[in-house]
Amino acid sequence: MQPLALNDPAAFGTEFLRQTQLQGFGSLTKRDLELLIFVLLERDGTLDRAMSNHGAAALLRVTPAKIKALRRDGYARWRQLVDEPADVALPRILATVLTPDNLRAGARHVTERSRREGFLAIRVEHPDDLARFEQAILEVGGLPVYERNREVVAVRFDTLLRLAEQGGHLQPDAQAVARELKTLAPAAQEVVELLQRDLDSLRWKDVRATLNTLGARAVAGTLDQGVLGLLRLAFPFLPR
């Protein structure tokens, strides 16, 4: 295994020295220093924040449980070194967790009944990202639901739409979204009925209702196109 290499050794060393001086030289405990080094490794990108606990554990030659504790306690202790505004953090988190592989992994931890009710299972391993994601859900009036794994959050599709609207990612342009839906799911009855209306007088609430219905069907597995195309419509920054 190749040894870890810092992307910016000078910045890492400068910040480490600054923090040990600010706290009083020699006053930081062994645990404080361990957490500081770990947080600086993630800030540098030596450890990818999107990396799984298992992957990070392999690099540092510790257990996944150890990595989870370092991430949880490190960001609680040294948040000022890695803090992000909510409008920056949430798109980063969503781009990490709303991927085909991650959604498939999450689906194993949610019941068939929840999927039928429109709940999408989203796996978020990083404890700090999970806390931010939970807070964002609460702020738009949603409720995080857990079933078989505390790292997997079941979120209704309409809650994700509210997150997209609040963040300014899903623009309320009724005609533009209707055209996108025609491309994504031309055979869906909901889209056919929507497009039978006069597009010039189409209201956003009608398009949003259709988008929400299609999302619930996609989560339940009754829409051929699937959920990812609809998610990319709501969050254009998601990878393709």
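This text follows the structure it describes.
These remarks concern the structure in this document. Nothing here was measured: the structure is a model prediction, and the numbers come from that model.

Cut-offs used in this document
Residues numbered from 1 in each chain as written. Predicted model: local features only at pLDDT ≥ 70, side-chain atom pairs only at ≥ 80, totals over all residues. Heavy atoms only, no water. Helix = DSSP H or I, 4+ residues; strand = E, 2+ residues; numbered from the N terminus. Buried < 20%, exposed > 50% of the residue type's maximum accessible area, 1.4 Å probe, protein only. Contact = heavy atoms within 4.5 Å. Core = buried A, V, L, I, M, F, W, Y, C linked by side-chain atoms within 4.5 Å. Phe/Tyr/Trp six-rings, centres within 6.5 Å; stacked < 30°, edge-to-face > 60°. Lys NZ or Arg CZ within 6 Å of the ring centre and 35° of its normal. Salt bridge = Lys/Arg side-chain N within 4 Å of Asp/Glu carboxyl O. Pairing = 2+ DSSP bridges. Axes fitted to C-alpha atoms, helices over the stretch in contact; angles between N-to-C directions. Parallel < 35°, antiparallel > 145°, perpendicular 65-115°, else oblique. Nonpolar A, V, L, I, M, F, W, Y, C, P; charged D, E, K, R; others polar. Left-handed = near helix turned anticlockwise from the far one by under 90°. Expected span 1.5 Å × (residues − 1).

**Notes on the overall build of the chain**
When helices and strands are tallied, the chain shows 13 helices and 2 strands. Based on the C-alpha atoms only, the size of the chain along its principal axes is roughly 70 × 35 × 35 Å. When the 240 residues of the chain are sorted by exposure, 45% land in the buried category. For the chain, contacts bridging at least 24 residues in sequence account for 66% of all contacts bridging at least 6.

**Focus: the nonpolar core**
Judged by nonpolar contacts, the single largest core of 46 residues is most densely connected at Ile-122, Phe-133, Leu-181, Leu-231 and Phe-235. Contacts of Phe-235, omitting those with residues within four sequence positions, involve Leu-94, Leu-98, Leu-160, Leu-163, Ala-164 and His-169. Listed in part, the 17 residues of the second largest apolar core include Leu-28, Leu-36, Leu-40 and Val-82.

**A short note on the packing of aromatic side chains**
For the structure shown, the criterion picks out 1 aromatic pair. Ring centres of Phe-235 and Phe-237 lie 5.8 Å apart, and the angle between their planes is 55°; this geometry places the pair in the tilted category. The cationic tip of Arg-150 hangs over the ring face of Tyr-146; the distance from NZ or CZ to the ring centre is 3.9 Å. Above the ring of Phe-119, the side-chain terminus of Arg-156 is found at 5.7 Å from the ring centroid.

**Comments concerning the pattern of salt bridges**
Pairing is possible between side chains that carry opposite charge, provided their charged atoms lie close to one another. Going through the model one piece at a time under the given rule, you end up with 27 salt bridges. Its salt-bridge partner being Glu-34, residue Arg-31 comes within 2.6 Å of it at the nearest N-O pair. Of this pair, Arg-31 and Glu-34 both sit in helix 2 (residues 30-44), 3 residues apart, which is roughly one turn of that helix. Among the residues examined, Glu-34 registers a relative accessible area of 24% and is labelled partly exposed. Its salt-bridge partner being Asp-206, residue Arg-203 comes within 3.2 Å of it at the nearest N-O pair. We classify Arg-203 as partly exposed; its relative accessible area is 46%. What emerges from the salt-bridge pattern is a single network uniting Arg-49, Arg-79, Asp-83, Glu-84, Arg-92, Asp-128, Asp-129 and Arg-132.

**A look at the pairing of strand 1 (residues 119-123)**
Burial within strand 1 is extensive, with 4 of its 5 residues counted as buried. Where strand 1 and strand 2 (residues 152-156) come together, 5 bridges link them in antiparallel fashion. Following the sheet pairing, Arg-123 is matched in strand 2 by Val-152.

**Some points on unusual backbone geometry**
With phi around 60°, Arg-61 is a residue other than glycine that occupies positive phi space. Looking at where Arg-61 falls in the secondary structure, it is placed in the loop between helix 3 (53-60) and helix 4 (64-77). Judged by relative accessible area, which is 75%, Arg-61 ranks as exposed.

**Notes on the packing of helix 8 (residues 127-139) against helix 9 (residues 157-166)**
Across the interface, helix 8 lies against helix 9 with an axial gap of 9 Å and an inter-helix angle of 90°. On the basis of the axis angle, helix 8 is roughly perpendicular to helix 9. Packed against helix 8, whose contacting residues are Phe-133, Ala-136, Ile-137 and Glu-139, the element helix 9 presents Thr-159, Leu-160, Leu-163 and Gln-166 at the interface. Classifying every residue of the contact of helix 8 with helix 9 by side-chain character gives 5 nonpolar, 2 polar and 1 charged.

**A short note on the packing of helix 10 (residues 174-184) against helix 12 (residues 204-220)**
Two packed helices can be described by the angle between their axes and the distance between those axes. Where helix 10 contacts helix 12, the two axes come as close as 9 Å, and the packing angle between them is 30°. Judged by the inter-axis angle, helix 10 sits roughly parallel to helix 12. Crossing handedness for the pair helix 10 and helix 12: left-handed. In this structure, helix 10 contributes Ala-174, Val-177, Ala-178 and Leu-181 to the contact, and helix 12 contributes Trp-204, Val-207, Thr-210, Leu-211 and Leu-214. Its residues placed into classes, the contact of helix 10 with helix 12 shows 8 nonpolar, 1 polar and no charged.

**Some remarks on helix 8**
The end-to-end C-alpha distance of helix 8 is 18 Å, a good match for the 18 Å that 13 residues give at a rise of 1.5 Å each. Within the span of helix 8, buried status applies to Pro-127, Asp-128, Asp-129, Leu-130, Arg-132, Phe-133, Glu-134, Ala-136 and Ile-137. Those residues of helix 8 that are buried lie in contact with helix 4, helix 5 (86-97), strand 1, strand 2 and helix 9.

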